[in-house]
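Examination of the molecular architecture
For reference, the chains in residue letters:
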Amino acid sequence: MSTKKIAVTTGGGDAPGLNAVIRAIVISATNRGWECIGIRDGYNGLLQPQQYPRGGTVPLGRESVRGITHLGGTILGTTNRGHPFRYPTPGEDGELVEKDRSDDLVAAIRSRQIDAIIAIGGDGSMAIALGLCQKGLRIVGVPKTIDNDLSGTVRTFGFNTAVSFATACLDRLHSTAEAHRRVMVVEMMGRYAGWIALHAGIAGTADAILIPEIPYDIHKVAAKIKERTRSGRSFSIVVVAEGAHPVGGERLSTGGAIGAAEKLGGIGHQVAAELQEHTGQESRAVVLGHLLRGGSPTSFDRLISLRFGAAAVRALEEGQTECMVALDPPVVRYVPLEEATRRMKSVPLDSDTVLTARDLGVSFGD
Ligand code: F6P
């Protein structure tokens, strides 16, 4: 299958390493004599080209990707409100409604003589890629998300940077927690999976880690804090994943706009208030939020991003489609998009990481 022109798109929430992937794709593709273009803001550049004064696509050459490996964000822009199968579109009364615009997208891609797409994104972007492949497009996916919740790959890029930053935050919070004899509750992103909270919580020596995979009992978390106080440790660090919820309770969410994902958040403040009530110890909440998505990718994330980008180009050269590049140490391999999107990758409760935390005396509130 001959490839002459490819398009690159970045979709969903940004993650450190996106620019490194783009650089690897562009250099690897142009070295093969292929033309490379970038689509602005997910697929919005093709679905709403009139919104872009300089066009919804950008030519990508060697010059456009110089010096970007270490930069956070994405030079192409991104969106999490651009699902082509559920595109937010003004209805008859002017209110936004979801409309299937996938055929418009396929037509726009064909009219630009784009032979294949490399779609960099998380679960949503991979599901979109699968749907577009089923409409005849050639697509290779690259797994991105700080949440690390994509199946088929041991790691997504962005996760290591988020965990490193979160760990550094926990290190800083220790001294102020100790100085004031407080309980510091730290809420971290991760959607419905607890990967970031678990890894940063262990590395940053938290006393309790609450993750969506293990519903918690606040009394058990409070008991852990009181036990520390009795043993002379008068401060505690509690990490809470944004999707964590009590036994029998719901996760906290503010819903989602038309065409957008559910917005999680608020559990940190709730847990802090409840712990203060149950322990009598002053408790404060810190929400790391989007800070986890910023900054320069760690060397680990840069390396897998560059490997993923180059592997995606090799996949196209080999005639692959409907697949995602994936880290399966020590190699990068291709997994079918169907496998990558079948289910969310949660923290396995019998993993040695969870067992390590338990062995170290960390409370999961269970
Ligand atoms: O998926 C990445 C992520 O940062 C999640 O951890 C978080 O729930 C979500 O995106 C936040 O999205 P937004 O930036 O749209 O609020």
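The structure contained in this document is the topic of the report that follows. (Residues numbered from 1 in each chain as written. Predicted model: local features only at pLDDT ≥ 70, side-chain atom pairs only at ≥ 80, totals over all residues. Heavy atoms only, no water.)

A look at the overall build of the chain
Here is the rule: Strands here are runs of E lasting at least two residues and helices are runs of H or I lasting at least four, both read from the DSSP assignment and numbered beginning at the N terminus. Radius of gyration: C-alpha atoms only; globule rule: 2.2 Å multiplied by the number of residues to the exponent 0.38. Partly exposed residues are those whose accessible area sits between 20% and 50% of the maximum for their type, while under 20% is buried and over 50% is exposed, using a 1.4 Å probe and protein chains only. Between two residues, a contact is recorded if the distance between any of their heavy atoms is within 4.5 Å. By the counting scheme adopted, Arg and Lys are positive, Glu and Asp are negative, and His together with the chain ends is not counted. Just so you know, the charge point we use is NZ for Lys, CZ for Arg, CG for Asp and CD for Glu.
Scanning the chain for helices and strands turns up 11 helices and 13 strands. Over its C-alpha trace the chain gives a radius of gyration of 22 Å, about what one expects of a compact globule, namely 21 Å for 366 residues. Here the chain holds 366 residues, and the buried ones make up 54% of them. Sequence separation of at least 24 residues holds for 71% of the intrachain contacts in the chain that already meet a minimum separation of 6. Side-chain charges in the chain split into 40 positive and 39 negative, and the spacing between the mean points of these groups amounts to 6 Å.

Comments concerning the site of the ligand
Filter applied, for reference: Proximity is defined per residue: any heavy atom of the residue falling within 4 Å of a molecule or strand makes that residue near it. Under the rule applied, a polar contact is a pair of N or O atoms within 3.5 Å (in protein, one hydrogen donor and one hydrogen acceptor; residues adjacent in sequence only if both atoms are side-chain atoms). Only the protein chains shown count as cover for residues, and all accessible areas are computed by the Shrake-Rupley method using a 1.4 Å probe. Each domain's limits were defined by an automated method or a database of domain assignments.
The local shell around the ligand consists of Asn80, Thr145, Ile146, Asp147, Met189, Gly190, Arg191, Glu242, His290 and Arg293. Between the ligand and Gly190 there is a distance of 3.1 Å, counted from an oxygen atom to a backbone nitrogen or oxygen. One of the side-chain nitrogen or oxygen atoms of Arg191 is found 3.2 Å away from an oxygen atom of the ligand. Starting from 390 Å² of accessible surface for the ligand in isolation, the protein chains cover 81%. Two domains each put at least three residues into the shell around the ligand: domain 1 (5-157 + 297-329) and domain 2 (162-293 + 348-359).

As for helix α5 (residues 159-180)
Three- or four-residue spacings in an α-helix give side chains the same orientation, since the helix completes a turn every 3.6 residues. Using the following cut-off: Given the number of residues in a helix, its expected span is that number minus one, multiplied by 1.5 Å.
If you check α5, its first and last C-alpha atoms are 31 Å apart, about what 22 residues at 1.5 Å a residue would give, namely 32 Å. Along α5, the residues classified as buried are Phe159, Thr161, Ala162, Val163, Ala166, Thr167, Cys169, Leu170, Leu173, His174 and Ala177. Structurally, α5 contributes buried residues whose contacts are with β8 (183-188), α6 (195-203), β10 (236-241), β11 (283-287) and α9 (299-317). Immediately downstream of α5, the backbone of Arg181 shows phi near 55°, a positive value.

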